[in-house]
Structures are given as structure tokens and as C-alpha cells.
Amino acid sequence: MSEEKRIYEEEYMIEKLFTEETVALGVTAKDWEEAVRCCGKLMCAAGYTEPRYEEAMVDTVKKLGSYIVIAPGLAMPHARPECGAKQLGMSLVHLAKPVRFGSEEYDPVDILISLCAESSESHLAALAELMQLMEDEEFLAGVRSGWDKAKILDYIHSGSFVQDDE
């Protein structure tokens, strides 16, 4: 692995992106739009995005549909980098009551993990880790069964979900 790639990957590991302020649990949302907005507010408050990024995430779903619902009960709201992303960032929202996005296959959604990146390439290493986290049944079951923020962050920080490709 090149030194540049190693430094890049160390800088953008997801354990640095999920913090107390970017995780919200037991959130009440009346619909998918309110749930997506919650994700956007968390990323904006953490300094990852400008306020307009939240609206861009909502607009993306309105224009392109429920493609962001990527697995049973799991959605990944995001928007284009030029829509107000300031740096690489993520947020996690667990809903008190699932909402429908219009995905025949995977509705209703109770976990949303949002993503922003300042360029189309800057998020690739972190996205690879995030995909592994979202496929980790222990993690998803833990969030759904009531893990608190500390337990969620400990699990993410442990990196136990990361599959080493080497």
C-alpha cells in the first residue's frame, strides 16, 4: 500500500466520522422526508455540510425515488458533493417507528446512515468500511434492540466489522 493511500485511509476511517453528535437514537419522524432531514441536521451541526445539503438530500429522493433504501429497513441518504458538502461526513439515525420510502422490497426503514463528501473520490475508503458496517448483522441488530450511543460508538470504533482484504 502506498504511503499516500495509507495516510488517506487513516485520515478517513469511519470511526472518526461517527461521534456523539452524529448519532441520534429513538428519533420520531412522521415520514421519510423528516427522517432524511434529521440526518442532514446532524451532519450540518457537526460541520460536515452547509445547511443546503439537507434540502439536496430530500430533493434527491423526490427526483430519483427510493433507491437510497439499500437493504431491509436501511436507507443511505446523500446528495452530490457540490450541494453543500464541506468535508467527508456521516450520521446515523435510528427511528422510534419505521417510515416508508416507497421501496417495495425494503420498506419500512428504521435505520438511516447518511453520507456526504466534498468530492466524488474523497469518500471511497470510508464508503468501503461503511458498506461493511451496514452488512454487519450484529451491528444492525444491536441498533434495533436498543444499544445506546456509547455502545454503538464502541462497536464502530472497535472496527470488528471490517473485513481485511489482504
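Scroll up to find the structure this text is about.
About the criteria used
- Residues numbered from 1 in each chain as written.
- Predicted model: local features only at pLDDT ≥ 70, side-chain atom pairs only at ≥ 80, totals over all residues.
- Heavy atoms only, no water.
- Pairing = 2+ DSSP bridges.
- Helix = DSSP H or I, 4+ residues; strand = E, 2+ residues; numbered from the N terminus.
- Contact = heavy atoms within 4.5 Å.
- Axes fitted to C-alpha atoms, helices over the stretch in contact; angles between N-to-C directions.
- Polar contact = N/O pair within 3.5 Å; in protein donor to acceptor, adjacent residues only side chain to side chain.
- Parallel < 35°, antiparallel > 145°, perpendicular 65-115°, else oblique.
- Left-handed = near helix turned anticlockwise from the far one by under 90°.
- Nonpolar A, V, L, I, M, F, W, Y, C, P; charged D, E, K, R; others polar.
- Disulfide = S-S within 2.5 Å.
- Buried < 20%, exposed > 50% of the residue type's maximum accessible area, 1.4 Å probe, protein only.
- Salt bridge = Lys/Arg side-chain N within 4 Å of Asp/Glu carboxyl O.

(A) Molecular detail of the sheet that holds strand E3 (residues 74-75). An order of E1-E4-E5-E3-E2 is seen for the five strands of this open sheet, with the pairing classed as mixed. The sheet is open, and its two edges are formed by strand E1 (23-27) and strand E2 (69-71), each paired on a single side. Here three bridges tie E1 to strand E4 (residues 89-99), and the two strands are oriented parallel to one another. For Val 23, the partnering residue across the bridge sits in E4 and is Leu 92. On top of the sheet, helix H2 (residues 32-45) reaches E1, E4 and strand E5 (109-116); it is set at about 150 degrees to E4, its chief contact.

(B) Representation of the side chain of Thr 60. Mapped onto the elements, Thr 60 comes out in helix H3 (residues 52-64). A distance of 2.8 Å separates the side chain of Thr 60 from the backbone oxygen of Ala 56, its partner in a polar contact. Those residues in contact with Thr 60, other than ones at most four positions away along the chain, are Gly 65, Tyr 67, His 78 and Ala 79.

(C) Representation of the side chain of Asp 110 within the structure. As for its placement among the helices and strands, Asp 110 is situated in strand E5. In terms of polar contacts, Asp 110 uses its side chain to reach the side chain of Arg 144, at 2.9 Å. Not counting chain neighbours up to four residues away, the residues in contact with Asp 110 comprise Gly 73, Val 93, His 94, Leu 95, Pro 98 and Arg 144.

(D) Looking closely at the packing of H2 against H3. At their nearest, the axes of H2 and H3 sit 8 Å apart, and the two run at 150 degrees to each other. By the angle between their directions, the pair H2 and H3 is classed as roughly antiparallel. Considering the relative orientation of H2 and H3, their crossing is right-handed. Contacts from Trp 32, Glu 33, Val 36, Arg 37, Cys 39, Gly 40, Lys 41 and Met 43 of H2 reach H3 at Tyr 53, Glu 54, Glu 55, Met 57, Val 58, Val 61 and Lys 62. In terms of residue class, the contact of H2 with H3 is built from eight nonpolar, one polar and six charged.

(E) Representation of unusual backbone geometry. Cis geometry is adopted by the peptide bond preceding Pro 108, which originates at Asp 107 and carries an omega value of -10 degrees. Mapped onto the elements of the fold, Pro 108 is located in the loop between E4 and E5.

(F) How the structure looks around the state of the cysteines. Across all of its chains, the model carries zero disulfides by this definition. Considering cysteine sulfurs only, Cys 116 is the nearest to Cys 44, which forms no disulfide, with 9.8 Å between them. The partly exposed category is assigned to Cys 44, whose relative accessible area is 26%.

(G) Spotlight on the pattern of salt bridges. Taken as a whole and assessed by the stated rule, the structure comprises nine salt bridges. For Lys 41, the salt bridge goes to Glu 54, with nearest N and O atoms at 2.9 Å. Separated by 13 residues along the polypeptide, Lys 41 in helix H2 and Glu 54 in helix H3 bring together distant segments of the chain. On the basis of relative accessible area, Lys 41 is assigned to the partly exposed category, the value being 49%. The partner of Asp 110 in a salt bridge is Arg 144, with the nearest N and O atoms 2.9 Å apart. Placement of the pair is Asp 110 in strand E5 and Arg 144 in helix H5 (residues 137-145), with a sequence separation of 34 residues. Salt bridges linked by common partners bring Glu 33, Arg 37, Lys 41, Glu 54, Glu 55 and Lys 62 together as one network.

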